Protein chains: 4
Amino acid sequence: LIGTLHDETSDAQAHKLALEIGGQFIKFLGRRVIVSGSSSHLAGHFEEEFSDVLELPSDAQLSSSDFMDKRQIKVGEIHVGLETVPLILGPCSIESEGQIRQVAEFVKHQDLNFIRGSAFKPRTTPYGFQGLGVEGMQLIRKVADDYGLKVVSETRDTRDVDSIIEYADVIQIGTKAMYDYALLDRAAKSMKPILLKRGFGTTIQEFLQIAEFVLLAGNSNLILCERGIRTFESKSRFTLDLAGAIYVLHHANLPLFVDPSHAMGHRWGVSQLGLGALAAGADGLLVEMHPDPESARTDAAQQIDFSMASELVRKSRLIAEIDGRKIV
Amino acid sequence: LIGTLHDETSDAQAHKLALEIGGQFIKFLGRRVIVSGSSSHLAGHFEEEFSDVLELPSDAQLSSSDFMDKRQIKVGEIHVGLETVPLILGPCSIESEGQIRQVAEFVKHQDLNFIRGSAFKPRTTPYGFQGLGVEGMQLIRKVADDYGLKVVSETRDTRDVDSIIEYADVIQIGTKAMYDYALLDRAAKSMKPILLKRGFGTTIQEFLQIAEFVLLAGNSNLILCERGIRTFESKSRFTLDLAGAIYVLHHANLPLFVDPSHAMGHRWGVSQLGLGALAAGADGLLVEMHPDPESARTDAAQQIDFSMASELVRKSRLIAEIDGRKIV
Amino acid sequence: LIGTLHDETSDAQAHKLALEIGGQFIKFLGRRVIVSGSSSHLAGHFEEEFSDVLELPSDAQLSSSDFMDKRQIKVGEIHVGLETVPLILGPCSIESEGQIRQVAEFVKHQDLNFIRGSAFKPRTTPYGFQGLGVEGMQLIRKVADDYGLKVVSETRDTRDVDSIIEYADVIQIGTKAMYDYALLDRAAKSMKPILLKRGFGTTIQEFLQIAEFVLLAGNSNLILCERGIRTFESKSRFTLDLAGAIYVLHHANLPLFVDPSHAMGHRWGVSQLGLGALAAGADGLLVEMHPDPESARTDAAQQIDFSMASELVRKSRLIAEIDGRKIV
Amino acid sequence: LIGTLHDETSDAQAHKLALEIGGQFIKFLGRRVIVSGSSSHLAGHFEEEFSDVLELPSDAQLSSSDFMDKRQIKVGEIHVGLETVPLILGPCSIESEGQIRQVAEFVKHQDLNFIRGSAFKPRTTPYGFQGLGVEGMQLIRKVADDYGLKVVSETRDTRDVDSIIEYADVIQIGTKAMYDYALLDRAAKSMKPILLKRGFGTTIQEFLQIAEFVLLAGNSNLILCERGIRTFESKSRFTLDLAGAIYVLHHANLPLFVDPSHAMGHRWGVSQLGLGALAAGADGLLVEMHPDPESARTDAAQQIDFSMASELVRKSRLIAEIDGRKIV
């Protein structure tokens, strides 16, 4: 149950009210609402306190398009969602200043606004490269500022989340960290924009319920991201669930991005998969790109090079135009 | 191993040669080849008989892009593949002449060339509608001829395949019939164009191996079709494997279509999924459309109406144009 | 809806009744029932004709434990199900008389009653061994008769089903043939016992619905068999769905066997998996065994040898005893 | 590469050596090893320092049965693995002292040694019961001490892990927390026994690689636990991967438990699934049991009652005996 408060109710009154009915008072994109798991109290005794009371059947309430229309969120001065579609490029791992500067130069030249790169790698095996750490974050921040770009970077766990909060513009929560409630809580409370990737073993229903944890903490700057699920098919690294993405586009009020890189796993197919996602209505793309993919320290097989990326940007603009949207 | 014969070798000589080495002689798009599972014979004694001998690592040899470039096939005078992209519309089941005539009228008006509709339904439950049978096939043939359209229709099993061969222009082999070797054999030997759907529990590797059965029978008029696989996600009916489709586009020499209807399972998402497939490079679309979807006797939830279909055709043309392709 | 007829209703009357209400008259283990997809007719006008009318929510009616209790079926004089648990051993492919005779000797010596072996192989790739065909069936029949054993053999498609019906005691319908309606129909009408394997991409719900096709044809000598489904895990060939098997044991009235060989795919794990299935309540096991597994022409990796099989039989008897059951 | 040190090498020398070759020095069940991702250094210059050097093909080295034989670990004075097989019973959530005392009484009466129960619930939805927290842990500790039982309890995230370390005898890391590197690190460094559940979207290969993180931190008191994976089948809550469990039993040196409760999801099938796992060779079972399952605040559908549990214990003892093992 979600009760939307009257404009004249003060925040203090709202808190008191929430306490009485065992709910939670949160501000959500300008709307002040009380959310409660139990039903009768909210609907019954306190009806006069609310301008409207909404009963939703699912556990994904605040993220539902039944609760509010699909909407934009803001990363600094840049709008994300609806008619503006970010195409976010950058290497899997931050490896050196030279590498990041080349990427930033390319991104700027393409008239794009976001750069991605990670310094804390959640590796499957303990024997692989674990990332540059805080130094990596400082490096990408400095370069991004030089070029006026926004930084998207991934937090691996609660040990590094504060570094991501400090240096990144968008906190990426990866597919393996999606159920880390301590991490979700910390990221949510930072009030910074969050890009939450779907777990590769996670249903859409669960994905939206996890989004609800973030929204309930009062942080509504949330972007969802489909990046492929585990299936029996092994020709691609994961199976991009485009039908699931379309479900989210129809049923949630949050922007939905797609990461074609991890799904495909091979650079020869990444751009096609990304273009497919855009044509299907995705609100943005997150694509791994490296100045020299062969030499990349992580995910070498799936990072595209600058030439592939130029072509991806060019076609993305054409596809976005069909729906009156704009790549940023 | 595949040995390509010298141009001067006659068919009779080729048959004799094949017999000697325990292989099979087939004509494949004008190239005459002998294929054998055993290796040494073909490569050894008979080298002088072949213009080239190709050793391929996989069990999907004739369908491989290593064997020959991606190519068109022909359905009557219409080319399929490369720059021409069929958008095939029509109801799940043939229900009445009125229904089929409305559909044909719409398809013609959109300047399209194919109509689909089935008369033999492979139903999950014995208690559902099983189709109009031969009468249904005669009906769709008549209407299609009136409008100058090609018919795509599904064979369920060996009991009905001859009716499909007689009345359809393209024999559709459905997801459940994909392993029916007797059916594959019969369809292949008819030499009519075949549209082979991937089984929902079938890997890409197996899918291409099954295609090999058809090609080995000498019928190279083969179109592959991705239509969604079974995964843990239940918000859509199946999970469209777009990454797998892209793999086929890169590694096979056959046209690859996509059926977004069965994957999505809900008409509100079908067009988006279809547009995504086109932008990713699919060679054609197979979409269920009904004059009055709500009243459809089968798959009511997933058939789009004429208004949705018009919009799908319009956007499909724009997306195809980006790659210099044409919707037919 | 299922209407069970009064004892005094004759078959002729029943047929007439079925015709009137658009249903089907079938004899099912001594019960004479009329089944109809439509509801109101059966429940309404003809209530006086039936001793009971059963409305079931699912499309799996005749196989449901709500319709009748779990029961035995008979293969000749041997009972299958409830307290008797067949352990069926034999090679994947029938390769030679020597091979089959060795197997029969072993099976007899273990005091078991069934031998399995196939002559028509549904192969994934056209380049593999396709089986000995009719000669293979005649061979296994002869040897089985010499030792007084029952034969379980697989039909691949409608081209070979008559040979299986002629020479085998149990018609095995394999995982890939499970949706071949023409084959199901032919096998069902033979009235011989059928062992129906679950498709590797098939849900339990669909599996039971396909069983319904067989039961509706009037053949209730049906054994179901779980043999592993396709999942993301690749350390085993398939993922044995033991939880699904337990569901069937609780909700269907048919015996449920387990084939641990195809699920595991490696002989070192087959016996353990089989014992697990028995302890979980499976009504029988189907295990690939070969006198010299390394040399097997098909499925060499997963066939167990005689030494492993002896140990499997020994432990199976101990596990069966715990529940008062007997290995046959 | 793993180099085993000579007995006379001191810990200080080992640390220095590890530093020089970019590896890590860890003590692993008495063997002191240095592990390095790079190959040439360890094998080349320092060969004289090691009693043996082992090159393993996989990223799961320390857990491999190629590295050392399957073995027991110890939880206090109780051995786990090989011939002793813990059957761990207890409620999903700790709800009240009365509830826990009833469970402990039952467990003791059955001559078992472990009780399970969680106070921090990793819930899918934010609207569900989140557990009693630290008070719950103190409660189960007190009751377990009264009855001389060992406590297995789950840590949800890094916020609560210290409470689990303080009050539990075995730290359970749940299916959703399996990739939480900060949590793994903290639990590993506590040197307490860990029960690591496989993620429901995790391959066996990845599962063993995550185990490697724990072992590399020097904590070899590690129990693995299979609890079901996500597949297309929905009749059970998850699909228990018994074939995968058997793979682990053959290829890893760690004890492998099975949790049949979360896989089955319905109490009517839990005991059968557990008995199946035991017969297949599982080293232990983890089963949810509640004095009054219907009233349970979480997972009400899948908790078995005392009567079911008695029968499970009785049959478990019989199955364990077949292999000369003992339920503890």
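Residues numbered from 1 in each chain as written. Chains lettered and ligands numbered in written order. Predicted model: local features only at pLDDT ≥ 70, side-chain atom pairs only at ≥ 80, totals over all residues. Heavy atoms only, no water.

Caption draft 1: Main features of the pattern of salt bridges. Scanning all chains against the criterion turns up 89 salt bridges over all chains. As a salt-bridge pair, A:Asp299 and A:Arg237 come within 3.1 Å of each other at their nearest N and O atoms. On the criterion of sequence distance, the pair formed by A:Asp299 in the loop between β15 (284-288) and α11 (306-322) and A:Arg237 in the loop between β13 (222-226) and α8 (242-251) is long-range, its members being 62 residues apart. Between B:Arg186 and B:Asp162 there is a salt bridge, and its shortest N-O distance comes to 2.8 Å. Here the residue B:Arg186 occupies a position in helix α6 (residues 181-189), and B:Asp162 occupies one in helix α5 (residues 161-167), the gap between them amounting to 24 residues. It is possible to trace a salt-bridge network through shared partners that takes in A:Arg156, A:Asp157, A:Arg159, A:Asp160, D:Asp185 and D:Lys189. (Salt bridge = Lys/Arg side-chain N within 4 Å of Asp/Glu carboxyl O. Helix = DSSP H or I, 4+ residues; strand = E, 2+ residues; numbered from the N terminus.)

Caption draft 2: Layout of the packing of aromatic side chains. Under the counting rule described, the total for this entry stands at 20 aromatic pairs over all chains. Measuring from centroid to centroid gives 5.8 Å for A:Tyr179 and D:Phe200, while their planes differ by 85°, and the two rings are edge-to-face. A residue pair is termed interchain when its members come from two chains, as with A:Tyr179 in the loop between β11 (170-173) and α6 (181-189) and D:Phe200 in the loop between β12 (194-197) and α7 (204-216). Both residues of the pair, A:Tyr179 and D:Phe200, count as buried. Taking the ring centre of B:Phe238 as reference, the NZ or CZ of B:Arg227 above it sits at 4.2 Å. (Phe/Tyr/Trp six-rings, centres within 6.5 Å; stacked < 30°, edge-to-face > 60°. Buried < 20%, exposed > 50% of the residue type's maximum accessible area, 1.4 Å probe, protein only. Lys NZ or Arg CZ within 6 Å of the ring centre and 35° of its normal.)

Caption draft 3: Summary view of the interface of chain B and chain A. Listed by partner, the interface residues are 40 residues for chain B and 40 residues for chain A. Where chain B abuts chain A, roughly 3200 Å² becomes buried across the two surfaces, and 70% of that area is made up of carbon and sulfur atoms. When residues of chain B are sorted by the area they lose upon contact with chain A, B:Phe232, B:Lys235 and B:Ile322 head the list and together hold 20% of the total. Counting across the chain B and chain A interface gives four salt bridges. Taking the shortest distance from any N to any O, the salt bridge between B:Glu233 and A:Arg198 comes out at 2.8 Å. Summed over the shared surface of chain B and chain A, the result is 16 residue pairs in polar contact (both at pLDDT 80 or more). (Contact = heavy atoms within 4.5 Å. Buried area = accessible area lost by both parts, 1.4 Å probe. Polar contact = N/O pair within 3.5 Å; in protein donor to acceptor, adjacent residues only side chain to side chain.)

Caption draft 4: Region of the structure containing helix α7 (residues 204-216) of chain A. Residues and elements named next belong to chain A. For α7, built from 13 residues, the straight-helix expectation of 18 Å at 1.5 Å per residue is met to within 8% by its first-to-last C-alpha distance of 18 Å. Counting buried positions along α7 yields 12 of 13 residues, so the element is predominantly enclosed. When we look at burial in α7, the residues that qualify are Ile204, Glu206, Phe207, Leu208, Gln209, Ile210, Ala211, Glu212, Phe213, Val214, Leu215 and Leu216. Its buried side turned inward, α7 meets β2 (24-28), β3 (31-35), α6, β12 (194-197), β13 and α8. After α7 finishes, the residue Gly218 shows a positive phi value of roughly 95°. (Expected span 1.5 Å × (residues − 1).)

Caption draft 5: Molecular detail of the relation of the copies chain B and chain A. Superposing chain B onto chain A requires a rotation of 180° together with a translation of 0.0 Å along the rotation axis, leaving an RMSD of 0.2 Å. Read as a symmetry element, the transformation amounts to a two-fold axis. Among all residues of chain B, the one whose C-alpha sits closest to the rotation axis is B:Gly276, at a distance of 1.9 Å. Both copies share a contact surface, since 100% of the interface residues of chain B are interface residues in chain A too. (Least-squares fit on C-alpha atoms with pLDDT ≥ 70 in both.)

Caption draft 6: Representation of the nonpolar core. In terms of nonpolar packing, the biggest core is built from 185 residues, with A:Leu89, A:Leu196, A:Leu224, B:Leu62, B:Leu89, B:Leu196 and B:Leu224 touching the most fellow members. For B:Leu89, the residues in contact, after removing those within four places along its chain, are B:Val103, B:Phe106, B:Val107, B:Leu112, B:Phe114, B:Ile115, B:Arg116, B:Val287, B:Met289, B:Ala309 and B:Val313. Listed in part, the 184 residues of the second largest apolar core include C:Ile171, C:Met178, D:Ile94 and D:Ile210. (Core = buried A, V, L, I, M, F, W, Y, C linked by side-chain atoms within 4.5 Å.)

Caption draft 7: Structural context of the pairing of strand β1 (residues 2-5) of chain B. Residues and elements named next belong to chain B. Of the two faces of β1, the one lined by Ile2 and Thr4 and the one lined by Gly3 and Leu5 are each fully buried. Relative to strand β3 (residues 31-35), β1 runs antiparallel, the two being bridged by three bridges. From the neighbouring strand, Ile2 faces β3, where its bridge partner is Val35. (Pairing = 2+ DSSP bridges.)

Caption draft 8: Just the packing of helix α6 (residues 181-189) of chain C against helix α7 (residues 204-216) of chain C, in detail. All names here are of chain C. In the contact formed by α6 and α7, the axes pass within 8 Å of each other and the chain directions differ by 45°. In terms of orientation, α6 lies oblique with respect to α7. Note that α6 runs across α7; the crossing there is right-handed. From α6, Tyr181, Leu184 and Ala188 reach across to α7, where they touch Ile210, Phe213 and Val214. The class makeup of the residues in the contact of α6 with α7 is six nonpolar, no polar and no charged. (Axes fitted to C-alpha atoms, helices over the stretch in contact; angles between N-to-C directions. Parallel < 35°, antiparallel > 145°, perpendicular 65-115°, else oblique. Left-handed = near helix turned anticlockwise from the far one by under 90°. Nonpolar A, V, L, I, M, F, W, Y, C, P; charged D, E, K, R; others polar.)

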